Amino acid sequence: SFRNYVSHLRTYESTLTSEDIVLAKFDSSTKILRTENQRILIDTELRQIISENKIIVNGNIDRVEPTHYDCALGAAKDNDGKIIELESNGDVTTITIKPQDMIFVETIEEFNIPKNMVFHVSPLARWMKKGLIANISFFGDAGYKGKFTFPIVNITEHDVDIEIDKPIISAE
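Residues numbered from 1 in each chain as written. Predicted model: local features only at pLDDT ≥ 70, side-chain atom pairs only at ≥ 80, totals over all residues. Heavy atoms only, no water.

## Points about the overall build of the protein chain
Per the secondary structure count, the protein chain includes 3 helices and 13 strands. Sequence-distant contacts, at least 24 apart, represent 63% of the contacts inside the protein chain between residues at least 6 apart. Total accessible area on the protein chain is roughly 11,300 Å²; 52% of this is exposed by carbon and sulfur atoms. (Helix = DSSP H or I, 4+ residues; strand = E, 2+ residues; numbered from the N terminus. Contact = heavy atoms within 4.5 Å. Areas by Shrake-Rupley, 256 points an atom, 1.4 Å probe, with all protein chains shown as cover.)

Below you can see the structure in the form of structure tokens.
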């Protein structure tokens, strides 16, 4: 319940020391949100990371937004780990998720996150509006290497198609 959450939060806050608390400040000259040792990357930095092909491998500069990168759908597997066959209709290739079904999807991009960096991911709202729920951990660990893989559940009573190579989640 909300009261339990507030109680837990107060208990947590009472254990924090001054070293744990970091205040964020917006640097208007560079347009970067800065903390003592942390900051959020902006579009110019994301474009450079993608062009270097080191931290985000197989990235597409066209999917860079002002404060995040939209990761594209690469492949999908069923609950048994079998690759789901793609449906092609001319220039569009899709994966169909049946009603009440869960599949595992992975991004086209591979990540090589340095040990001094973490990343935050979140599902794109357009997929939630269509009835797809992405069960993802919202933070990627420092030092993570590999494609981002997570389950998606279709909570509707109808098929939902997802296009390959189209944004599915955002990373910042």
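## Regarding helix α2 (residues 43–52)
Within α2, the full set of buried residues consists of Glu45, Leu46, Ile49 and Ile50. Buried positions in α2, seen along its axis, are confined to an arc of 135° and lie on one side of it. A positive phi of about 60° marks Asn53, the residue just after α2. (Buried < 20%, exposed > 50% of the residue type's maximum accessible area, 1.4 Å probe, protein only. Arc of directions from axis to C-beta.)

## Things to note about a nonpolar patch on the surface
Taken together, the side chains of Val118, Phe138 and Phe139 present a nonpolar region at the surface, about 320 Å² in accessible area. With respect to the helices and strands, the residue Phe138 is situated in the loop between β9 (132–134) and β10 (139–140). Accessibility expressed as a relative area gives 41% for Phe138, which makes it partly exposed. (Patch = residues over 30% accessible without salt bridge, like charges linked within 9 Å, V, L, I, M, F, W, Y side chains within 5 Å. Salt bridge = Lys/Arg side-chain N within 4 Å of Asp/Glu carboxyl O.)

## Structural notes on the packing of aromatic side chains
With the rule as written, the count across this model stands at 4 aromatic pairs. Where Phe111 meets Phe119, the ring centres are 5.3 Å apart and the plane angle is 10°; that geometry is what we call stacked. According to the relative accessible area criterion, Phe111 is buried, its value standing at 2%. An angle of 45° between the planes, with centres 5.8 Å apart, marks the rings of Phe148 and Phe150 as tilted. Grouping aromatic residues by their ring pairs yields a cluster made of Phe111, Phe119, Tyr144, Phe148 and Phe150. (Phe/Tyr/Trp six-rings, centres within 6.5 Å; stacked < 30°, edge-to-face > 60°.)

## Considerations on the confidence of the model for the protein chain
With 77% of its residues at a pLDDT of at least 70, the protein chain reaches an overall mean of 78. Across the protein chain, element-level confidence peaks in strand β7 (residues 102–112) with a mean pLDDT of 91 and bottoms out in helix α1 (residues 2–14) with 43. In this model residues 1–27 is a low-confidence stretch, pLDDT under 50, and it forms 17 contacts with partners more than four residues away in sequence or in other chains. Of the regions scoring below 50 in pLDDT, residues 30–34 engages in 21 contacts with residues more than four places distant in sequence or in other chains. (pLDDT = per-residue confidence, 0-100.)

## A short note on unusual backbone geometry
Excluding glycine, residues mostly carry a negative phi; peptide bonds, for their part, are mostly trans. A positive phi angle is found at Asn53, which is not glycine, with a value near 60°. You can see Asn53 is positioned in the loop between α2 and β3 (56–57). Even without being a glycine, Asp165 presents a positive backbone phi close to 70°. Assignment of secondary structure puts Asp165 in the loop between β12 (160–163) and β13 (167–171).

## Considering the pattern of salt bridges
Counted according to the given criterion, the structure contains 5 salt bridges. The salt bridge partner of Glu109 is Arg63, with a shortest N-O separation of 2.8 Å. With Glu109 in strand β7 and Arg63 in the loop between β3 and β4 (69–77), this pair connects stretches of sequence that are 46 residues apart. A relative accessible area of 8% means that Arg63 is categorised as buried. The network of salt bridges with common partners includes Arg63, Glu109 and Asp165.

## Things to note about the sheet that holds strand β5 (residues 87–89)
Paired through their backbone hydrogen bonds, the strands of a sheet run either parallel or antiparallel. Here we have 3 strands laid out as an open sheet, ordered β5-β6-β12, and antiparallel in their pairing. Whereas interior strands pair on both sides, the edge strands pair on one side only; in this sheet they are β5 and β12. Ignoring strand direction, the axes of neighbouring strands in this sheet form an average angle of 40°. (Pairing = 2+ DSSP bridges. Axes fitted to C-alpha atoms, helices over the stretch in contact; angles between N-to-C directions.)

## A word on the environment of Lys77
With respect to the helices and strands, the residue Lys77 is situated in strand β4. Judged by relative accessible area, Lys77 falls into the partly exposed class, the value being 37%. For the pair formed by Lys77 and Thr149, sequence separation is 72 residues and the distance between their alpha carbons is 10.0 Å. In this structure Lys77 touches Lys82, Ile83, Ile84, Ile103 and Phe104, once residues within four positions along its chain are discounted.

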